[in-house]
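# Commentary on secondary and tertiary structure
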Amino acid sequence: LIWIQVAAAKAPHVCGSEKNKTLLGFSDRKELNMEYLAAYLILFTICLLTVARIIPYQIPLVLVLIYMLLRNRENISRVDYSLLATFYRIIYFLIGNLGRIPQFSSFLERIMAGRETLTAVLASQIMSNVPAALLLSGFTDNYRALIVGTNIGGLGTLIASMASLISFKYIAKENRNLRGKYLGISQPPILYS
């Protein structure tokens, strides 16, 4: 949070209007809206409890929706639903169905044995690192190698990490001329050799 404040103070003005700054939690470039910050930190903590399987996912889903409807209705229309749908399709359909195909399952078991890191790096380049981790986790007990592989794998192609894809989409939306520069900076040189 401190680094964001420092960087934002030095960065050129990005938000187009006062309304956008308020939606982001800033009513002024140097003044953080503490009410928004506190609410989102509480919601984030509740989401983390869901990831840790302490509370069911329905609770944060309902709480976030209620908060957004009451306090930030404008942000609901700003969500990139096509990206969410893409991620859902990759995880639910691709990962859920591939693991059930016996030939594919036996193939994964064979190539994973002793090569978890390399397999995770390569799989991340095709389907993104999070879906790759979900798919491959059912075929190994070597989670350390799987975590290392999917983390390294997220540094590859544009699809290797959904975060890269999201940031590229926003760069392209803001200034189409920066797309090539973004790819040149964000993609590892090994991909071009």
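Residues numbered from 1 in each chain as written. Predicted model: local features only at pLDDT ≥ 70, side-chain atom pairs only at ≥ 80, totals over all residues. Heavy atoms only, no water.

A few words now on the overall build of the chain. On a plain count of helices and strands, the chain comes out with twelve helices and two strands. Here the chain holds 193 residues, and the buried ones make up 30% of them. Nonlocal contacts in the chain, meaning residues at least 24 apart in sequence, comprise 57% of its contacts between residues at least 6 apart. For the chain, the computed accessible surface area is about 13200 Å², with 68% contributed by carbon and sulfur atoms. (Helix = DSSP H or I, 4+ residues; strand = E, 2+ residues; numbered from the N terminus. Buried < 20%, exposed > 50% of the residue type's maximum accessible area, 1.4 Å probe, protein only. Contact = heavy atoms within 4.5 Å. Areas by Shrake-Rupley, 256 points an atom, 1.4 Å probe, with all protein chains shown as cover.)

This part covers a nonpolar patch on the surface. A cluster of nonpolar side chains, Tyr57, Leu61, Val62, Leu65, Ile66 and Leu70, forms an exposed patch at the surface whose accessible area comes to about 620 Å². Note on placement: Tyr57 falls in the loop between helix H3 (34-51) and helix H4 (58-71). The exposure class of Tyr57 is exposed, given its relative accessible area of 55%. (Patch = residues over 30% accessible without salt bridge, like charges linked within 9 Å, V, L, I, M, F, W, Y side chains within 5 Å. Salt bridge = Lys/Arg side-chain N within 4 Å of Asp/Glu carboxyl O.)

One pass over the full model with this rule turns up three aromatic pairs. Centre to centre, the rings of Tyr36 and Tyr40 are 6.3 Å apart; their planes meet at 10 degrees, and the pair counts as stacked. One end of the pair, Tyr36, and the other, Tyr40, are both in helix H3, four residues apart, so they sit about a helical turn from each other. Since its relative accessible area comes to 29%, Tyr40 is described here as partly exposed. Ring geometry for Tyr40 and Tyr67: centres 5.4 Å apart, planes at 80 degrees, overall edge-to-face. (Phe/Tyr/Trp six-rings, centres within 6.5 Å; stacked < 30°, edge-to-face > 60°.)

So, about the confidence of the model for the chain. For the chain, mean pLDDT is 79; residues scoring 70 or higher make up 82% of the total. Taken element by element, the predicted model of the chain shows its lowest mean pLDDT in helix H2 (residues 18-23) (47) and its highest in H4 (93). Confidence drops under a pLDDT of 50 for residues 16-30, and excluding neighbours within four residues, the segment shows 28 contacts in the predicted structure. Below a pLDDT of 50 lies the segment residues 189-193, which in the model reaches four contacts outside its immediate sequence neighbourhood of four places, other chains included. (pLDDT = per-residue confidence, 0-100.)

For any two helices packed against each other, one specifies the crossing angle of their axes together with the interaxial distance. In contact at an axis separation of 10 Å, helix H6 (residues 81-98) and helix H9 (residues 129-136) are set at 25 degrees when each is read in the N-to-C sense. Viewed along their axes, H6 and H9 adopt a mutual orientation that is roughly parallel. Along this stretch, H6 crosses H9, giving a crossing that reads as right-handed. Judged by residue contacts, Phe87, Ile90, Ile91, Ile95 and Leu98 of H6 engage Val130, Pro131, Leu134 and Leu135 from H9. Looking at the contact of H6 with H9, its residues break down into nine nonpolar, no polar and no charged. (Axes fitted to C-alpha atoms, helices over the stretch in contact; angles between N-to-C directions. Parallel < 35°, antiparallel > 145°, perpendicular 65-115°, else oblique. Left-handed = near helix turned anticlockwise from the far one by under 90°. Nonpolar A, V, L, I, M, F, W, Y, C, P; charged D, E, K, R; others polar.)

Below, the discussion takes up the pattern of salt bridges. If you walk through the whole model with that rule in mind, you get two salt bridges. Among the salt bridges present, the one from Glu35 reaches Arg71, with a minimum N-O distance of 2.7 Å. In this pair, Glu35 is assigned in helix H3 and Arg71 in helix H4, connecting sequence segments 36 residues apart. By relative accessible area, Glu35 is classed as partly exposed at 46%.

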